[in-house]
Every structure is written in structure tokens, then in C-alpha cells.
Amino acid sequence: MLENWRKPQRPDEAEVEERLKIAREKLSGQQMKIKEHGLPVLVLFEGWGTAGKGSVLGKVIRNIDPRFFKVATMDVPTEEEKRKPFLYRYFVKIPEKGKFMFLDSGWMDEITQDCLSGNLTEKDYKKKIESVKRFERQLTDNGYLVMKFFFQISQKEQKKRIDALKEDKNTDWRVSGKDDWQNRHYEKCLKVFDRYLNDTNAPADPWYLIDAKNRKWAELQVLEILVSAIDTALKNSAMAVPLLQNVFPLEKIPKLSEIALDKTLTNEEYRKELHELQKKLGELHNKLYRKKVPVIIAYEGWDAAGKGGNIKRITGALDPRGFEVHPIASPEPHEKARHYLWRFWNRLPKTGHIAIFDRTWYGRVMVERLEGFCSENEWQRAYNEINEFEKELSDWGAVIVKFWVQIDKDTQLARFTDRQNTPEKQWKITDEDWRNREKWDLYEDAVNEMLKKTNTTYAPWHVLESNDKKYARIKALKIVIKAIEQELE
């Protein structure tokens, strides 16, 4: 893109001023439409050092009510961020519906800098490119407008700006060693930038190359492209998104009705195995921390199936400083206003730690599907999006263990009745639990489809036969231990 790029013809000064006035007024007027339509806008500014990204950004946001936007400068990752997946620090920055987020540099800068410094192998580069393409496509599929601008200047223009900044002691600090290095190795940087732009240019979120030699002209290009894209996005907001075919390896899994639930353990067998397995898991937890391996354990299952007790036996073996349990309820308003996976990205563990989810992202294809909290197009897309999410976690190095806690309808009724008739257990039973029970068959169909479409080789499902809670607890401990041991080997 850069190597074959032709500069757009710059209008004369009077025309630039006139068009700037029109574009500024248009953007100012669009912000209420964005709010009304719930359109989230993510704007990424990338480009050469001293190309004027910051100054154009400052001028663009003057046309927007400060309550409707945020700006983030994405410096090098912190030590804490390095212990999370590569895209974590960007995913958590995505805006709420009806708002703007402007990023001064982002995932392009991080990847290309790693390439130029020799810290990224060809294999890892390709892996990160795939991650970026999935990330950006998921955002656009879920109604985000993603705008990507690259500010282009020549080597000569960059050198001129660097020298001018260095001449004044009040601006000398604005020139970094990175800027100097870029200018000295301009051709090398150009090739890396060009490759990245070509690799991540997509119809739904294309790159826009900005001629940044003149500041006002650069501002005009950004504004006119931005307001035009917002108009198009507002018109397209009600359109359905094409479903993608699954490209991830799946393993066959039986339907829930085909799983025998007569497995049991005696109290003596249970106590003995529980002690031995918890001791082993505790030892493995220390190794996980030392080797900085993250673990994600996800629990789904029928109401009253025994998820809480199962989780308690897992955590009873762990160092409390190295794990966190996330009970997932209905999304809060600020969570509902973002991509549905946002609240789970926010809860990911750092390396060496364990995150346990009591209910998960699979709510999208179960409760949200059946209760009408999302459209059919949205929950149908979610199978692939979830597989992509878990692939990202697997590529990061996480151990992923997913449990469906299975009981039969009669067992659930007996447990519901016991909860309702026992004062200290009544907090566990709600009217919603009884309503969900009436939809048992619909939920079973949804769960069977979920298991079939998301039972990947890198994040397989494990069904816990929980008519006997003791059996299910021991089976869960064994599965977690085996998964961790395989990773540590």
C-alpha cells in the first residue's frame, strides 16, 4: 500500500478551510445520531514518528462533546499487560455503544516494532496477524465502526521535523530515540509497515493513508473520511452480518441424552480420592506459577447441578493468592453496552494464575438465545466468535478446561424442592429457576448444539455426571490435573 501509494492532490488553502468548516460541523452533528443509534466508534491513529498524529487527534476531538469520547495513548506494554494475552489491553479499551474511543497508536505499532527489533519470528508474526484480523472482524460484525488511519510522510519531511523539534529546548523532549531510529532506517521501516498494512486491510475495516505533510490537509482528510464512514455505518446498522463457516478442528461429543448418569462413589472412596487429588492439584499450582502458565476453568450446567460445590473442591486445593472465581450474572449496563466478550476479556488471569468462571461466555448461545436477549444472527455468529476467543487464549498458552455439569430432570426437581423447603438454602432458589425448568427441552437442544459446535481440540468440553455430586467433583479434579500435567510436560 505505501510503496505504491500516490498522494492525493491537495486543494488550495481557501478550499481546505471551507471543507474543514463543513466537515467539523458534520462531525459535531453526527455525535447525537451515534448516541441515538448506539454506534460505537473505534479510531486508530498509526504512522511515522513526528507525522502529526497527536496534533490532528487534538483538532478532531474538539468537534465532539467530551462526554462522548475517550483518548488513550498506547505506550509499550506494562509488565502486568505482558502477562495477559496480546490483545487484552486493546480489547478492554473498546468503547461503549454511542461513544468514540481514539487510540494514539495501537496493535500495529506494537507488532511492527517487535518485527523491527527482531523480537518477532515469522511464525509469531503470522499468528498475531490472524489475531488482529479476527479481533477487528469481530468488532465490525458486532456493530462497531473501526477506523484505521496511517499518517504518511517522506524521510526528508520526517528529518526536517525532527531537526526543528530538536532546535528548541521546549520541544526537544518530543523526539524519541525511536523517531531517530525510524528516520535512519526509513526504507526498512517502510517495508515492514507496508507489509502490515497489506496483511490487515479488509473491506469492513480498511486502512486510510493520510498525506500528513500539511497539518490542515491531514485534518481535513481524516474528518471527511470519518464523517463519510459514520454516515455509511448508520445506514448499515440494521443489516444482518454473514455467518462464517467454522475453520477450527472439532471433536465429536455425545448428546446429553446419551450420557449415563448412574455413576456413583461411596463416601469412603470420595474422601480418600478427594484428599489425594487436592494435594496433587496444590503441588501443580506451584509449578504453574513458577512456569507462568495461565489456567481458565469454565463451568456451565443445569441449575442445581452442583457447580458451586464442584468449584469449592477445586479451589480448596489452591493457594488463594493465585486464583479468582468469577460468578457471572446478567451483564451490567456498561457491560451490555460493549461487545459481549468484553466482560470476559476483563476477567482473564495473568500468567501463572487460575481464573474459574461460574457461568461463562456461553450464555450467548443459551440464555441470551432462548430468552431473546440477542438476535438469531448474533447467537448464530457467536459459535465461531467463541471458538476464535478460545483459540486466542490457547495460542497465548492458557490451559482451558470447560465443564458441563449434567443432571436429569428428576434430580433437579428434588434439589429445587429441598432448597425451597430448607430455610438456609432458600437463597439458592428463585422464580427464574422454576421458569427455566419449564424450558428444559429447549435448553437441552441449545446445549447439544453448543457442545457440538464448540468442542474444539484446543478447548474441549467435559461432561460431569452430577446426579452423584461426589462423583462429579472427583472427575473434575482428575480432568483439571490431567490438563495441567499435559501442559507442564
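Bear in mind the structure is a predicted one, so any value in this text is a computation, not a measurement. (Residues numbered from 1 in each chain as written. Predicted model: local features only at pLDDT ≥ 70, side-chain atom pairs only at ≥ 80, totals over all residues. Heavy atoms only, no water.)

Engineer: Can you explain the overall build of the chain? Please cite residues and give values.
Structural biologist: The helix and strand tally for the chain stands at 20 helices and ten strands. When its C-alpha atoms are laid out on the principal axes, the chain stretches across 85 × 45 × 40 Å. Within the chain, the proportion of its 489 residues that are buried is 53%. Here the contacts in the chain between residues at least 6 apart in sequence split such that 83% fall between residues at least 24 apart. Counting only carbon and sulfur atoms, one obtains 48% of the accessible surface of the chain, whose full area is about 23700 Å². For the chain, the centre of its 87 positive side-chain charges and the centre of its 80 negative side-chain charges are spaced 2 Å apart. (Helix = DSSP H or I, 4+ residues; strand = E, 2+ residues; numbered from the N terminus. Buried < 20%, exposed > 50% of the residue type's maximum accessible area, 1.4 Å probe, protein only. Contact = heavy atoms within 4.5 Å. Areas by Shrake-Rupley, 256 points an atom, 1.4 Å probe, with all protein chains shown as cover. Lys, Arg positive; Asp, Glu negative; His and termini not counted. Charge placed at Lys NZ, Arg CZ, Asp CG, Glu CD.)

Engineer: Requested: an account of helix α16 (residues 376–396), with residues and values cited.
Structural biologist: Each α-helix winds once per 3.6 residues, and so residues spaced three or four apart point in a common direction. If you check α16, its first and last C-alpha atoms are 31 Å apart, about what 21 residues at 1.5 Å a residue would give, namely 30 Å. Along its length, α16 reaches its greatest deviation from straightness, about 35°, at A382. Burial analysis of α16 places 15 of its 21 residues in the buried class, which makes it a mostly covered element. One or two positions beyond α16, positive phi appears at G397, with a value near 115°. (Expected span 1.5 Å × (residues − 1). Bend = angle between axes of the 7 residues up to and from the residue.)

Engineer: Break down the pairing of strand β8 (residues 354–358) for me, with residues and values.
Structural biologist: Of all five residues that make up β8, five are buried, and the element is covered over most of its length. Residues I354, I356 and D358 line one face of β8 and the alternating positions A355 and F357 line the opposite face, and both faces are buried. Pairing of strand β6 (residues 295–301) with β8 involves five bridges; the strand directions are parallel. The residue of β8 that forms the bridge with V295 is I354. Here strand β7 (residues 323–327) pairs with β8 via five bridges, running parallel. In the sheet register, V325 faces β8, and the bridge partner there is I356. (Pairing = 2+ DSSP bridges.)

Engineer: Kindly report on unusual backbone geometry, identifying the contributing residues and their values.
Structural biologist: Among all residues except glycine, the phi angle is most often negative; among peptide bonds, the trans geometry is most common. If you check the backbone angles, S105 has positive phi at about 75° while not being a glycine. Within the chain, A304 stands out as a residue other than glycine whose phi angle is a positive 70°. As for its position among the elements, A304 is in the loop between β6 and α12 (307–315).

Engineer: Give a detailed account of the side chain of N63, specifying residues and quantitative values.
Structural biologist: Its place among the elements puts N63 in the loop between α2 (53–61) and β2 (69–73). The class for N63 is buried, based on a relative accessible area of 13%. A polar side-chain atom of N63 sits 3.0 Å from the main-chain carbonyl oxygen of V60. Apart from residues no more than four positions distant in its own chain, N63 is found in contact with R24, L27, S28, Q31 and L223. (Polar contact = N/O pair within 3.5 Å; in protein donor to acceptor, adjacent residues only side chain to side chain.)

Engineer: Residues and numbers for helix α19 (residues 440–454), please.
Structural biologist: Taking 1.5 Å per residue as the helical rise, α19 with its 15 residues ought to reach 21 Å, and the 21 Å between its terminal C-alpha atoms agrees with that figure. Those residues of α19 not exposed but buried are W440, Y443, E444, A446, V447, N448, E449, M450, L451 and T454.

Engineer: Give me the lowdown on the packing of helix α1 (residues 13–37) against helix α10 (residues 215–236), citing residues and values where you can.
Structural biologist: Where α1 contacts α10, the two axes come as close as 9 Å, and the packing angle between them is 35°. Crossing of α1 against α10: the hand is left-handed. Considered class by class, the residues forming the contact of α1 with α10 number twelve nonpolar, two polar and ten charged. (Axes fitted to C-alpha atoms, helices over the stretch in contact; angles between N-to-C directions. Left-handed = near helix turned anticlockwise from the far one by under 90°. Nonpolar A, V, L, I, M, F, W, Y, C, P; charged D, E, K, R; others polar.)

Engineer: Give me the sheet that holds strand β10 (residues 461–465): which residues, what numbers.
Structural biologist: The parallel open sheet is built from five strands, whose spatial order is β7-β8-β6-β9-β10. In this open sheet, the two edge strands, each paired with only one partner strand, are β7 and β10. Within this sheet the neighbouring strands show an average axis-to-axis angle of 20°, counted without direction.

Engineer: Kindly report on a positive patch on the surface, identifying the contributing residues and their values.
Structural biologist: Together, K7, R10, K156, K160 and K213 make up a positively charged patch on the protein surface. With respect to the helices and strands, the residue K156 is situated in helix α7 (residues 155–167). (Patch = residues over 30% accessible without salt bridge, like charges linked within 9 Å, V, L, I, M, F, W, Y side chains within 5 Å. Salt bridge = Lys/Arg side-chain N within 4 Å of Asp/Glu carboxyl O.)

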